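Structure at a glance
Residues per chain are reported as follows:
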Amino acid sequence: MIRNGRFYVAPQQTDENFKQLFARLAAAGAGRPSDNQGFADGSWTPESLADAICAIDGNREGVELRSVQVWFQDNENGISDINLRWLARIFGCGDPEATSAWQTELKAAKERLAFQRRQKRKSRTNGAAVSPDVLVPPAPAQTLSDTALGDLEDTVWISARSKRKTLAERCEQLLSGATSLNLLIAYWIVFSGLGLMNYVLGTLSVTYSPQEGLDKQVGFIWAPTLTILPLVALPAFIFFISNLNTYWRRVGRSKCISDRAVSINSKSNAAWNARVNDFSFSFWAIVLFSFLFVFGFQWAGIYLPAYLSGDANGVQIDRYLVALERPDIISIPQAMILSAVGYIYTASYIAIFMLGLLFSLIITLDYEDICTTSDLESVEIDRSQLRREGQKIVWAVFRVVVVALWLAMLVKLQITYLQTDSKDFVTWIRTDAAIVLGASVPPNGWLENSSISHFTTFMMMVVTVTIFVVCVMKMNGIFTRLALYDNDYPFARDKPAITSMFLVIVLLSVNLVLVGRLNGFSLVLAASAVASVYVLAGPKLRTF
């Protein structure tokens, strides 16, 4: 039968559940354009059906492809009432009367599926044998990643095959659980090694004369990037991102999934691994960028030519290039080795910085996918629990973002100090504060040198702030969707806490941009530190 130029199949009022009814209609091509002989031009695929639903007039939000893929799969997942109405429009070929009939038919089929699901759960509770189709293994023709994406919220993937871990999985393991503590210990060992090397070579505290009458300190212990950063900021960053990763994988994620999913442990969470592997390109890009650009370009492209030519060529003199000015303290071959080790160390923590932010984004997107592919109208979905887990993600990402901005701040402070004519780091900060407070001291001047790290720290700030903004926007969208079914906890209730977070982030970002460029930046720096600690210690943050 043809209706509105499409192949129409009338409701037959069978006793099929939603999965059976949908499979039959999708195979028949119900609602697809008809050919010259009155037949459908083919069967529905997840992609073609998703495109058709998105093209319906009045459907502003469209439909997630993952949701449509769930309908095609042989599992126990249902369909939300919103998507059921759009599907009825498709099967009804846009005819109001036929659409109404199909909406009634699909609603009844959905209820039959829910009833059968409850009966199976009762059977499992009473110790009865479980039907093999309750646990749905990955289809052989699909990759684990594709299947996991299609049924992210309900299906348990337990892969029996052993395989080598991908780079993405190794990075996830590195920044979660006990392995993160091993990472911290490794960084402290390298930090101690660098300190010992600088002690032996005599560069723990060393000065040079960029201009007459000025002995500028560029020693190891005077560099915040080699003292405060590895001893305080980097451990805090690893600790926070490890907490978030570990909690989400082992606890938070399972709480967001319907209780009809079989429990899985932290070592067999293949669905989470599939999600992480979806970002394989990003992991490789971060690792290659860190070691090819941060180490390769800056050391081989800037420091090595300076060592070979004996001229800094306008590059900042630091603890590595001081060999050009003070060969009596450290020779150029020694400085080459020391700088190579130092820049490998720098490249590694820049990689950790970007990987931590990437995991914050992955967890946010994973949470969004679980919420958008769940049947939120189902009584089996604990919407209050979904909200709580979303809040925990926001608080955790905020902590990661704040420490990430402090990492960028410490780098910016170091390179800006090297550009000034202050004799040491402490004097530079003290002089800036004294000027604002009315003391009659000469202001800080500038030396004629430059550093590519000014651009690097700016990009670190932009990426970090963007991650937090995306997180908050995603959570706001999910909470708005949850509020359609009950208005128990709108995201607006968290507005004061979110506002405090944004104010801290804005304060840190402004301070990072203004470091050394505005008298009084040191006072803004102190205010940023106090505000960061105050909000991080807030009562809502202690709950996670």
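Residues numbered from 1 in each chain as written. Predicted model: local features only at pLDDT ≥ 70, side-chain atom pairs only at ≥ 80, totals over all residues. Heavy atoms only, no water.

**Digging into the side chain of Ser422**
Examined against the element boundaries, Ser422 turns out to sit in the loop between helix H13 (383-418) and helix H14 (425-436). Contacts of Ser422, omitting those with residues within four sequence positions, involve Leu214, Lys216, Tyr417, Trp428 and Asn444. (Helix = DSSP H or I, 4+ residues; strand = E, 2+ residues; numbered from the N terminus. Contact = heavy atoms within 4.5 Å.)

**A few points about the nonpolar core**
Formed by 111 residues in total, the largest nonpolar core has its most connected members in Phe283, Tyr367 and Leu413. No other element matches H13, which puts 22 residues into this core. In this structure Phe283 touches Leu167, Ala168, Cys171, Val276, Leu355, Leu358, Phe359 and Ile362, once residues within four positions along its chain are discounted. Core analysis: the second largest hydrophobic core is formed by 31 residues, Leu84, Ile90, Ala109 and Leu113 among them. (Core = buried A, V, L, I, M, F, W, Y, C linked by side-chain atoms within 4.5 Å. Buried < 20%, exposed > 50% of the residue type's maximum accessible area, 1.4 Å probe, protein only.)

**Some details on the pattern of salt bridges**
Close approach of charged atoms lets side chains of opposite charge pair. One pass over the structure, following the stated rule, counts 11 salt bridges. The partner of Asp366 in a salt bridge is Arg275, and the shortest N-O contact between them spans 3.4 Å. Separated by 91 residues along the polypeptide, Asp366 in helix H12 (residues 332-372) and Arg275 in helix H10 (residues 270-277) bring together distant segments of the chain. Neither Asp366 nor Arg275 differs from the other in exposure class; each is buried. Between Lys392 and Glu389 there is a salt bridge, with its nearest N and O atoms 3.8 Å apart. A residue pair is termed a helical-turn pair when its members lie 3 or 4 positions apart in one helix, as Lys392 and Glu389 do in helix H13 at 3 residues. This pair shows no difference in class: Lys392 is buried, exactly as Glu389 is. Each of Arg253, Arg275, Asp278, Asp366 and Asp369 takes part in salt bridges that share partners, so that together they form one network. (Salt bridge = Lys/Arg side-chain N within 4 Å of Asp/Glu carboxyl O.)

**Description of the packing of helix H9 (residues 228-256) against H13**
Put simply, H9 and H13 touch, their axes get as near as 10 Å, and they point 165° apart. Between H9 and H13, the interaxial angle falls into the category roughly antiparallel. Between H9 and H13 lies a crossing whose hand is left-handed. Class assignment for the residues of the contact of H9 with H13 results in 22 nonpolar, 2 polar and 4 charged. (Axes fitted to C-alpha atoms, helices over the stretch in contact; angles between N-to-C directions. Parallel < 35°, antiparallel > 145°, perpendicular 65-115°, else oblique. Left-handed = near helix turned anticlockwise from the far one by under 90°. Nonpolar A, V, L, I, M, F, W, Y, C, P; charged D, E, K, R; others polar.)

**Thoughts on the state of the cysteines**
Following the criterion strictly, the structure yields 0 disulfides and no others. Distance from the sulfur of Cys256, which forms no disulfide, to the nearest cysteine sulfur (Cys371) is 5.7 Å. Cys256 gets classed as buried once you look at its relative accessible area, which sits at 4%. (Disulfide = S-S within 2.5 Å.)

**A closer look at the environment of Ala52**
Within the secondary structure, Ala52 is located in helix H2 (residues 46-54). We classify Ala52 as partly exposed; its relative accessible area is 21%. Sequence separation between Ala52 and Ile90 is 38 residues, and the spatial gap between their C-alpha atoms is 7.6 Å.

**Quick look at the side chain of Ser242**
Counting through the fold element by element, Ser242 comes out in helix H9. For Ser242, a relative accessible area of 6% translates into the label buried. In this structure, Ser242 is in contact with Leu175, Ser176, Gly177 and Ser180, ignoring residues within four places of it in sequence.

**Considering the pairing of strand E3 (residues 207-211)**
In this structure, E3 lies alongside strand E4 (residues 214-217), joined through 3 bridges in antiparallel fashion. Its bridge partner being in E4, Thr207 is matched across the sheet by Gln217. Where E3 folds back on E4, the antiparallel hairpin that results is connected by 2 residues, among which Gly213 adopts a positive phi of roughly 85°. (Pairing = 2+ DSSP bridges.)

**Some remarks on the packing of aromatic side chains**
Inspection of the entire model under this criterion finds 25 aromatic pairs. Centre to centre, the rings of Phe283 and Phe359 are 5.3 Å apart; their planes meet at 55°, and the pair counts as tilted. One end of the pair, Phe283, is in helix H11 (residues 280-309); the other, Phe359, is in helix H12, and 76 residues separate them in sequence. On the basis of relative accessibility, which here comes to 0%, the residue Phe283 falls in the buried class. Among the residues examined, Phe359 registers a relative accessible area of 0% and is labelled buried. Aromatic pair Tyr303 and Tyr320: ring centres 6.2 Å apart, planes at 70°, arrangement edge-to-face. With Tyr303 in helix H11 and Tyr320 in the loop between H11 and H12, this pair connects stretches of sequence that are 17 residues apart. Accessibility classification places Tyr303 together with Tyr320 in one group, the buried group. Of the aromatic side chains, those joined through ring pairs into one cluster are Phe18, Phe22, Trp71, Phe72, Phe91 and Trp102. (Phe/Tyr/Trp six-rings, centres within 6.5 Å; stacked < 30°, edge-to-face > 60°.)

**Observations concerning helix H7 (residues 167-174)**
Listed as buried for H7 are Ala168, Glu169, Cys171 and Glu172. Taken end-on, H7 shows its buried residues confined to a sector of 160°, consistent with a single buried face. Contact partners of the buried residues in H7: H9, H10, H11 and H12. (Arc of directions from axis to C-beta.)

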